[in-house]
Amino acid sequence: MDRGTLGGLPVIQVMEEGDAVVHVVERELPRAKVTGVIDWPRRFDHMQQHTGQHVLSAAFEKVAEARTVGFHLGAEISTIDLDSDRLGHRQMERAVELANQVVFEDRPVHIIYRGAAEANQMELRKPTQRAGEVRVVEVEGFDRSACGGTHLRRTGGVGLIFLRKIERRKDLTRVEFVCGGRALKCARQDYEVLTKAAGLFSTAAENVPALISQQAEELRWALRSREK
């Protein structure tokens, strides 16, 4: 949901009532023409995450034949659910590499309106069940999806697609990811954590995992010796 102001008052909720879109503000507005202002940083963040999701979902389908069956856009992390629990590490890497290659190529993102029957003849990644006119989002030469969300005009605006966590759930795989500004924020946080850990071990950052593994093994031996 977009946020912003109407007549200078913050919009606290947006609802659909039939064909109307109702905006709820903090208090009653005067019955006159008002100006609406979108919270642009938030809108742009959502555009980065949503466009990145289209690219990443298409990449998983092309690399591993894993279809996206669920998507959630969170405040910090977004997730997609893939219809397979057998994806290997190398398949994950290849899908992310392909997705970022499409981002770096700065491909155009087109918005196309078609009737439902015609839209389903356009090789959509997932057939639409909607009736009437359908909004199709096309990443040129890579993906076509029926979608009513907000998207960038070109893939380059996604900046970077960065996986954060892989989780197996019954017959599915849940992939946590971040794009654009969120990816930059996560990279900075990871760098700070790794730098602090390297300082505690008095070593270079790339040596931290090996030293942690070594100390964990030494601790296990010490605990076993004490128990004996």
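Further up the page is the structure itself.
All values reported here derive from a predicted model rather than from experimental measurement. (Residues numbered from 1 in each chain as written. Predicted model: local features only at pLDDT ≥ 70, side-chain atom pairs only at ≥ 80, totals over all residues. Heavy atoms only, no water.)

### Thoughts on the packing of aromatic side chains
Working step 1: Following the criterion strictly, the structure yields one aromatic pair and no others.
Working step 2: Plain terms: the ring middles of Trp-40 and Phe-44 are 5.9 Å apart, the flat faces sit at 35° to each other, and that makes the pair tilted. One end of the pair is Trp-40 and the other is Phe-44, both in helix α1 (residues 40–64) and four residues apart, which spans about a single turn.
Working step 3: The ring of Phe-142 carries the charged tip of Lys-62 above its face, separated from the ring centre by 5.0 Å.
Working step 4: The aromatic ring of Trp-221 is capped on one face by Arg-224, whose charged end is 5.3 Å from the ring centroid. (Phe/Tyr/Trp six-rings, centres within 6.5 Å; stacked < 30°, edge-to-face > 60°. Helix = DSSP H or I, 4+ residues; strand = E, 2+ residues; numbered from the N terminus. Lys NZ or Arg CZ within 6 Å of the ring centre and 35° of its normal.)

### Here's the deal with the environment of Gly-70
Working step 1: Locating Gly-70 in the fold gives a position in strand β5 (residues 68–73).
Working step 2: Separated by 34 residues in the primary sequence, Gly-70 and Phe-104 place their C-alpha atoms 25 Å from one another.
Working step 3: If we skip the residues at most four places from it in the chain, Gly-70 touches Thr-79, Ile-80 and Asp-81. (Contact = heavy atoms within 4.5 Å.)

### Points about the nonpolar core
Here is a general trend for soluble globular proteins: nonpolar side chains tend to be buried in one another's company.
Working step 1: Of all hydrophobic cores here, the largest spans 30 residues; its most connected members are Leu-56, Phe-60 and Ile-161.
Working step 2: Elements with a minimum of two residues in this core: α1, β6 (78–82), α2 (89–104), β8 (133–139), β10 (161–169) and β11 (172–179).
Working step 3: In terms of residue count, the dominant contributor to this core is α1 (eight residues).
Working step 4: If sequence neighbours within four positions are ignored, Ile-161 has contacts with Gly-52, Val-55, Leu-56, Val-96, Ala-99, Asn-100, Val-103, Val-178 and Cys-179.
Working step 5: Core analysis: the second largest hydrophobic core is formed by seven residues, Ala-116, Ala-119, Leu-124 and Val-134 among them. (Core = buried A, V, L, I, M, F, W, Y, C linked by side-chain atoms within 4.5 Å. Buried < 20%, exposed > 50% of the residue type's maximum accessible area, 1.4 Å probe, protein only.)

### Some points on unusual backbone geometry
Working step 1: Even without being a glycine, Lys-170 presents a positive backbone phi close to 50°.
Working step 2: Residue position: Lys-170 is located in the loop between β10 and β11.
Working step 3: Located in the positive-phi region is Ser-202, a residue other than glycine, with phi close to 55°.
Working step 4: Along the chain, the position of Ser-202 falls in the loop between α4 (180–201) and α5 (208–227).

### A look at α4
Working step 1: A rise of 1.5 Å per residue sets the reference length of α4, with its 22 residues, at 32 Å; its end C-alpha atoms lie 32 Å apart and thus fit the reference within 8%.
Working step 2: Within the span of α4, buried status applies to Gly-180, Arg-182, Ala-183, Cys-186, Ala-197 and Ala-198. Relative to the axis of α4, the buried residues are bounded by an arc of 135° and lie together on one face. Of the exposed residues in α4, those oriented more than 90 degrees away from the buried face are Arg-188, Tyr-191, Lys-196 and Gly-199.
Working step 3: Buried positions along α4 lie against α1, β5, β6, β10, β11 and α5.
Working step 4: Ser-202 occupies a position one or two residues after α4 and carries a positive phi of about 55°. (Expected span 1.5 Å × (residues − 1). Arc of directions from axis to C-beta.)

### So, the pattern of salt bridges
Working step 1: A complete count under the given rule lists 14 salt bridges for this structure.
Working step 2: One salt bridge in this structure joins Arg-67 and Glu-61, with 3.3 Å as the shortest N-O distance.
Working step 3: Since its relative accessible area comes to 31%, Arg-67 is described here as partly exposed.
Working step 4: In the salt-bridge network here, residues are joined through shared partners; they are Arg-90, Glu-93 and Glu-97. (Salt bridge = Lys/Arg side-chain N within 4 Å of Asp/Glu carboxyl O.)

### Considerations on the side chain of Thr-79
Working step 1: Summarising the element assignment, Thr-79 is placed in strand β6.
Working step 2: If we skip the residues at most four places from it in the chain, Thr-79 touches Gly-70, Phe-71, His-72, Arg-174, Val-175, Glu-176 and Phe-177.

### Brief notes about the sheet that holds strand β2 (residues 9–17)
Working step 1: If you walk across this open sheet you meet the four strands as β3-β2-β1-β4, and the pairing is antiparallel. Each of the sheet's edge strands pairs with one partner strand only, and the pair in question is β3 (20–25) and β4 (36–38). With strand direction ignored, the average angle separating the axes of adjacent strands in the sheet is 40°. (Pairing = 2+ DSSP bridges. Axes fitted to C-alpha atoms, helices over the stretch in contact; angles between N-to-C directions.)

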